[in-house]
Amino acid sequence: MKERIQQFLIFCSAADPELLKECPRTEQIKYQGIGATVLFTALLASVSGAYALFTVFKSYTLSILLGMLWGLIIFNLDRFIISSVKKSRSFTREVIQVIPRVLLAIFLAVVISKPLELRIFKQEIDEYLHFTGMEKLAEADSVYEAKKSAERQQIDALKAETAALFDLREQYYE
């Protein structure tokens with residue numbers, strides 16, 4: 001079982017297992033670590049993608065399927081980038097080869113962390129939205145009360161004018 005897991009991690013690292021059999025054990029461990037990093041990046045991308053999609057679609061099945069697809073895409077992309085980075089004698093050439101991996105890492109950090117960040121701080125976000133809504137409601141209430149007060153004053157003025165005209169009519173009638 002242990003050997004199967006090690007072979008799977010080497011597969012995840014996109015290394016040649018036959019070549020690694022001829023290498024020192026430290027190289028095999030190094031590539032197993034790289035494979036574990038690729039695997040866990042894909043797993044985190046799957047979980048994060050599934051959660052993000054669940055918040056949109058509210059469907060467990062669709063979210064899980066699309067999250068798994070997203071994880072597989074990230075797995076293959078990450079594995080490809082790792083397999084395409086080759087040692088060279090030029091430091092500049094190595095840096096140029098690593099740039100896509102760094103850009104992918106930044107992209108994954110944002111894509112994976114945002115849904116998790118929203119989930120972790122959901123209560124604080126909900127409270128902020130609630131208080132913002134309450135402030136807007138209070139503002140709307142004050143505008144409504146001001147308009148209502150102005151209308152009430154107009155009604156009272158019209159009632160007073162009507163009463164004055166009624167009194168005038170009564171005087172003329174007498």
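Quick caveat: nothing in here was measured; it's all calculated off a predicted structure.

Engineer: Mind laying out the confidence of the model for the protein chain, listing which residues take part and the relevant values?
Structural biologist: Residues shown with low pLDDT carry predicted positions that ought not to be read at fine detail. Averaged over every residue, the pLDDT of the protein chain is 86; residues scoring 70 or more account for 99%. At the level of individual helices and strands, the protein chain shows its lowest average pLDDT in helix 5 (residues 91-120), which scores 78, and its highest in helix 6 (residues 122-173), which scores 89.

Engineer: So what's going on with the layout of surface pockets? Residues and values would help.
Structural biologist: Estimates place the volume of the largest pocket at around 570 Å³. What lines the largest pocket is a set of 21 residues, and nearest its centre among them are Tyr31, Ile34, Ile82, Val85 and Lys86. Looking at the lining of the largest pocket, the elements that each hand over two or more residues are helix 2 (17-21), helix 3 (25-57), helix 4 (60-84) and helix 5. Here the lining of the largest pocket takes five residues from helix 3, the largest share from any one element. Taken together, the residues that form the lining of the largest pocket break down as ten nonpolar, four polar and seven charged.

Engineer: Now, about the packing of aromatic side chains: what can you tell me, with residues and values included?
Structural biologist: Scanning all chains against the criterion turns up four aromatic pairs. Relative to Tyr60, the ring of Phe54 lies with its centre 4.7 Å away and its plane at 25 degrees, an arrangement referred to as stacked.

Engineer: Now, about the nonpolar core: what can you tell me, with residues and values included?
Structural biologist: Among the nonpolar cores identified, the biggest contains eight residues, and these are Leu9, Cys12, Ala36, Val38, Leu39, Ala42, Phe75 and Ile82. Elements with a minimum of two residues in this core: helix 1 (2-12), helix 3 and helix 4. Per-element tally for this core: the top contributor is helix 3, with four residues. With residues up to four places along the chain from it excluded, the contact list for Leu9 reads Tyr31, Gln32, Gly35, Ala36 and Leu39.

Reading guide: rules and limits
Once a new chain begins, its residue numbering starts again from 1 and follows that chain's sequence as written. A pLDDT threshold of at least 70 governs which residues receive local features in this predicted model, and a stricter bar of 80 or more applies before side-chain atom pairs are shown or counted, although totals over entire chains, interfaces and linings include all residues. As a rule here, side-chain values come from all non-hydrogen atoms in the structure, and water together with hydrogens is ignored. Residue-level confidence of the predictor is what pLDDT reports, using numbers from 0 through 100. Segments assigned H or I by DSSP are reported as helices when at least four residues long, segments assigned E as strands when at least two residues long, and all are numbered from the N terminus. The distinction between a cavity and a pocket rests on a 1 Å grid over the protein atoms alone: a 1.4 Å probe fits inside a cavity but cannot get out, while a pocket stays open yet meets protein on both sides within 12 Å along at least five of seven lines, and a residue with an atom within 4 Å of a point counts as lining. Grid points are joined across faces, edges and corners, and a volume is the space filled by probe spheres set on the points. Each residue is assigned to one class: nonpolar for Ala, Val, Leu, Ile, Met, Phe, Trp, Tyr, Cys and Pro, charged for Asp, Glu, Lys and Arg, and polar for all the others, Gly among them. Any two rings among Phe, Tyr and Trp, with Trp reduced to its six-membered ring, count as a pair given centres within 6.5 Å; such a pair is stacked if its planes are under 30 degrees apart, edge-to-face if over 60, and tilted if neither. Nine residue types can take part in a nonpolar core, namely buried Ala, Val, Leu, Ile, Met, Phe, Trp, Tyr and Cys, and a core is a set of them joined through side-chain atoms within 4.5 Å. The classification of residues rests on relative accessible area computed with a 1.4 Å probe and restricted to protein chains. Under 20% of the type maximum is buried, over 50% is exposed, and intermediate values are partly exposed. Here, two residues are considered to be in contact whenever any of their heavy atoms come within 4.5 Å of each other.

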